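# Fold and contact review
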Amino acid sequence: MPFPHRHLLGLDGLGCDELTFLLDTAASFKEISERDIKKVPTLRGKTVISLFYEASTRTRASFEIAAKRMSADFVSLTAASSSATKGETLLDTARNLGAMRPDALILRHPASGAAQFLAARLDCAVINAGDGAHEHPTQALLDALTIRERKGRIEGLTVAIVGDVLHSRVARSNLFALQRLGATVRLVGPPTLLPPELRDWAECTSDLRAGVRDADVVMMLRIQLERQGKHFFPSLDEYARYFCLTQAVLVDAKPDVIIMHPGPLNRGVEIASDVADGPYSVIMDQVTNGIAVRMAVLYLLASQPRSALELVADPLGSATGAQPAVAAVRARRRSR
Amino acid sequence: MTATSRVVMDAQAIDRALTRVAHEILERNKGTADLVLVGVRSRGVHLAERLRAKIRAIEDTDLPMGIIDITLYRDDLSRSGQQPEVKGTHIGFPIDDQRVVLVDDVLYTGRTVRAALDALIDFGRPRNVQLVVLVDRGHRELPVRADYVGKNLPTAQEEVVHVSLQECDGEDEVVIADAGGA
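Note that the structure is a prediction, hence the values are computed from the model and not measured.

### Details of the overall build of chain B
What chain B contains, in helices and strands, is five helices and eight strands. Counting only C-alpha atoms and orienting by the principal axes, one finds that chain B spans roughly 45 × 40 × 30 Å. Here chain B holds 182 residues, and the buried ones make up 38% of them. Considering only intrachain contacts with a sequence separation of at least 6, the fraction spanning at least 24 residues in chain B is 69%.

Structure, rendered in C-alpha cells:
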C-alpha cells in the first residue's frame, strides 16, 4: 500500500515518497472539479464528519466540497452550534460522534495534539484540519502542490516563510513537508515570533529584505490577531512597517517569485493589497488545489474497509494501536 | 515465464488483430464521422493509440482520443483493503452525440467495462458506445459484450491472462498462465 496510514495528523514523519504520492494523487483529482458533473462515486456510502472548534471559511468549505465531490455523506459541526457550548468535553463529543460510525472525522481544535488525542480513542480515520500551533497538514500539501505546479519541482527551491511563525501550524507543516521534499526553507519574522527550537531546523532572520532575497517562493503567514495582545510586537502599524510584503521588498526576490498566503488576509498588515492581487500571487490557485488535496486525503483514508484498518500498524498515530489491536485479537479468537 | 505458461498471441498476431479491428470499426461506422477513441488505463490507452495510428493510415484522419481511469468507479474499493493509485482521466473533447469506441486489453468479468461506462457517462451522453478488446477470455459476471474482439480465448477461471505491450512492457505478447505461474 503506497500510503499505509490510518490517520493524517501531521506531515512531520512522512517520507518524501509518501508526500510525493499524496501530491500525485491530488493532481489526478484536479480534473474532476473541471467537469460539468463534478462528482465521482468513490466514497458512496461513506460518512465524513467535520468538527470545528475554531472559525474557518476555506478549510471547512473545502473539506465539505471535497467530500461531496467524492459522493461521501458529509456532516458539518462547529463548536458554536454543538453541545460544546453546554460544557461537553472534546472526548465526550467525539465518542458520541464515533458511535454514529463515521468513516472519517475531520477535526480543527485550538489545542495542539487534539487530533492525535482523538486518533488514539476513536476507530475511524482522523484528519487534522489544524490543531493549535502544531500542524495543518492539508494546507501544507495544497501549498506544496501549488509550488510544484508553478515551478515544476520543489527540490532545490528557496522558500521564505514570513510572519507569525510562533503561532503558525501552517508554517510547521510546510517546514516539515518542503524540507523533506528538498527545498531550503527560511523563516522570517520578528524575534519574538520566531520560536528558538526551530532555529535548528531552518535559517531564521528578522530582516524581511534578507529573508526574501533570491527566494523562489514567499509564503506569508497571517498575523493571528486573536492570539495577539500578549505584546509580541508593539503595534500592528510597527509590524506592518517592518514585515508587510510590498512591491518594494519583492524587488530582491527571484524575478519569477510566487507569493502565497493561507488566508484569511490582513491586507496592509502582513501583505500589501497590490501584492496579494498582483501577478505573482497564487493565492487563488492554493484555494483551488485545496479541494484536490482534500479529495485525495479522503480517498486514501476514508475508502479503507474497517477490517483492513484494524490490522494496519500506523507509525504516525502510534497511539492508535490500542483499540484496533484489541479488536484484531478478538477477531482472531472468534475465527478459531 | 515458467513451464506452465504459453504464448497465445505474438507481436505479429496482435498487430494483425488490431489492423482487422481498425477496418471493422470503419466498416461498421461507415467512416470516421463523430467517431472518438477512449482508452482504459493503462494498456487500453496504448491499444487505442495504435488503433488511432491504423485508422490514420487508412482514412488519413486523426480521431480525438481520451483516457479513462476507472479507479474511482471500481466496485471493490472498500473490499480490497488498499487504494489503487489514481492516475487521472483526460477526455479533452465533448462526447455528447459522439460514437465512442472504448478500448481495453482483456474482457473478463465485465466489471472494468461497467466502471468505464459509468465514468464515461459522467462526461456526457454519447450517441453510442462500442467496445474493443484485444482478448475476450470469457467468465462474465455482468451482462457485457465486446463489439470488436482481437482474439477469443477460452480459459479456465484459475488461469491468468497477461497482455504485454511494447509501450509499457518492452514486448508485444499475450500469455496464458496457471495462477501464480507467471
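### A word on the overall build of chain A
Secondary structure summary: chain A contains 13 helices and nine strands in total. Out of the 336 residues in chain A, the part that is buried amounts to 46%. Within chain A, contacts between residues at least 6 apart in sequence are counted, and of these 75% link residues at least 24 apart.

### Description of the domain arrangement of chain A
Residues and elements named next belong to chain A. Structurally, chain A comprises domain 1 (16-135 + 288-313) and domain 2 (137-286). Taken together, the contacts link 22 residues of domain 1 with 21 residues of domain 2. Of all the secondary-structure elements, those providing two or more residues to the side of domain 1 that touches domain 2 are helix H1 (16-29), strand E4 (125-131) and helix H11 (283-302). Residue composition of the side of domain 1 that touches domain 2, grouped by class: 10 nonpolar, eight polar and four charged.

### Notes on the packing of helix H5 (residues 137-151) of chain A against H11(A)
Helix-helix packing is described using two parameters, namely the angle between the two axes and the distance between the axes. All names here are of chain A. Between H5 and H11, the least distance of the axes is 8 Å, while the angle of their chain directions is 120°. Classified by the angle their axes make, H5 and H11 are oblique. Read as a crossing pair, H5 and H11 show a hand that is right-handed. Within the contact between the two elements, H5 uses Thr-138, Leu-141, Leu-142, Asp-143, Leu-145 and Thr-146 and H11 uses Asp-285, Gln-286, Asn-289, Gly-290, Val-293, Arg-294 and Val-297.

### Quick look at the environment of Asp216(A)
Residues and elements named next belong to chain A. In this structure, Asp-216 sits in the loop between helix H7 (208-212) and strand E8 (217-220). For Asp-216, a count of 21 C-beta atoms within 10 Å translates into the label buried. Note: C-alpha distance between Asp-216 and Val-188 (28 residues apart in sequence) is 15 Å.

### Some words on the nonpolar core
Residues and elements named next belong to chain A. One finds Leu-105, Val-126, Ile-161, Val-162, Val-218 and Leu-298 to be the most contacted residues of the largest nonpolar core, which totals 144 residues. Among the elements that take part in this core, H11 stands out by supplying 11 residues, more than any other. Here this core gathers at least three residues from each of two domains, domain 1 (16-135 + 288-313) and domain 2 (137-286). For Val-162, the contacting residues outside a window of four places in its chain are Val-188, Gly-189, Leu-208, Gly-211, Val-218, Met-219, Met-220, Leu-221, Phe-243 and Leu-245.

### A short note on the pairing of strand E2 (residues 35-40) of chain B
Residues and elements named next belong to chain B. Among the six residues that make up E2, six are buried, leaving the element largely enclosed by the rest of the structure. As paired elements, E2 and strand E4 (residues 99-107) share five bridges and run parallel to each other. Bridging from a neighbouring strand, Gly-39 pairs with Val-103 of E4. When E2 meets strand E3 (residues 65-68), the two strands line up parallel, connected through four bridges. Looking across to E3, one finds that Val-38 is bridged to Gly-66.

### Observations regarding the sheet that holds strand E1 (residues 47-52) of chain A
All names here are of chain A. Across the sheet, which stays open at both edges, the four strands sit in the order E2-E1-E3-E4 with parallel pairing between neighbours. Every other strand in the sheet has two partners, leaving strand E2 (73-78) and E4 as the edge strands with one partner each. Averaged over neighbouring strand pairs, the angle between their axes works out to 15° when direction is ignored. As paired elements, strand E3 (residues 104-109) and E4 share five bridges and run parallel to each other. In the sheet register, His-109 faces E4, and the bridge partner there is Asp-131. Sheet strands touched by H11: E1, E3 and E4. Its angle to E4, the strand with the most contacts, is close to 145°.

### What about helix H1 (residues 11-29) of chain B?
Residue and element names in this part refer to chain B. With 19 residues, H1 ought to run about 27 Å at 1.5 Å a step, and its terminal C-alpha atoms sit 27 Å apart, in line with that. Within the sequence span of H1, burial applies to Ile-14, Leu-18, Val-21, Ala-22 and Ile-25. Projection of H1 onto a plane perpendicular to its axis shows the buried side chains occupying an angular sector of 105°, all on one side. Exposed and oriented more than 90 degrees from the buried face of H1 are Gln-12, Arg-16 and Glu-27.

### Here's the deal with the packing of H1(A) against H5(A)
Residue and element names in this part refer to chain A. Remark: H1 packs on H5, axes separated minimally by 10 Å, with the N-to-C direction vectors making an angle of 75°. With respect to H5, the axis of H1 lies roughly perpendicular. Contact residues: Leu-22, Leu-23, Ala-26 and Ala-27 in H1; Leu-141, Ala-144, Leu-145 and Arg-148 in H5. Classifying every residue of the contact of H1 with H5 gives seven nonpolar, no polar and one charged.

### Re the environment of Arg172(A)
Residues and elements named next belong to chain A. Looking at the element boundaries, Arg-172 is found in helix H6 (residues 169-180). Residues Arg-172 and Gln-304 lie 132 residues apart in sequence; the distance between their C-alpha atoms is 28 Å. Residues in contact with Arg-172, not counting those within four places in the same chain, are His-134 and Glu-135.

### Points about the sheet that holds strand E7 (residues 159-164) of chain B
Residue and element names in this part refer to chain B. Strand order across the open sheet formed by three strands is E1-E8-E7, with antiparallel pairing between neighbours. Each edge of the sheet is formed by a strand with only one pairing partner; in this case those strands are strand E1 (5-9) and E7. Here the strands of the sheet are splayed against their neighbours by 25° on average, with no regard to which way each runs. Where E7 and strand E8 (residues 173-178) come together, six bridges link them in antiparallel fashion. Among the inter-strand pairings, Glu-159 is bridged to a residue of E8, identified as Asp-178.

Cut-off values and rules
- Residues numbered from 1 in each chain as written.
- Chains lettered and ligands numbered in written order.
- Predicted model: local features only at pLDDT ≥ 70, side-chain atom pairs only at ≥ 80, totals over all residues.
- Helix = DSSP H or I, 4+ residues; strand = E, 2+ residues; numbered from the N terminus.
- Buried ≥ 20, exposed ≤ 12 C-beta atoms within 10 Å, placed from the backbone.
- Contact = placed C-beta atoms within 7 Å.
- Domains from an automatic or database assignment.
- Nonpolar A, V, L, I, M, F, W, Y, C, P; charged D, E, K, R; others polar.
- Axes fitted to C-alpha atoms, helices over the stretch in contact; angles between N-to-C directions.
- Parallel < 35°, antiparallel > 145°, perpendicular 65-115°, else oblique.
- Left-handed = near helix turned anticlockwise from the far one by under 90°.
- Core = buried A, V, L, I, M, F, W, Y, C linked by C-beta atoms within 7 Å.
- Pairing = 2+ DSSP bridges.
- Expected span 1.5 Å × (residues − 1).
- Arc of directions from axis to C-beta.

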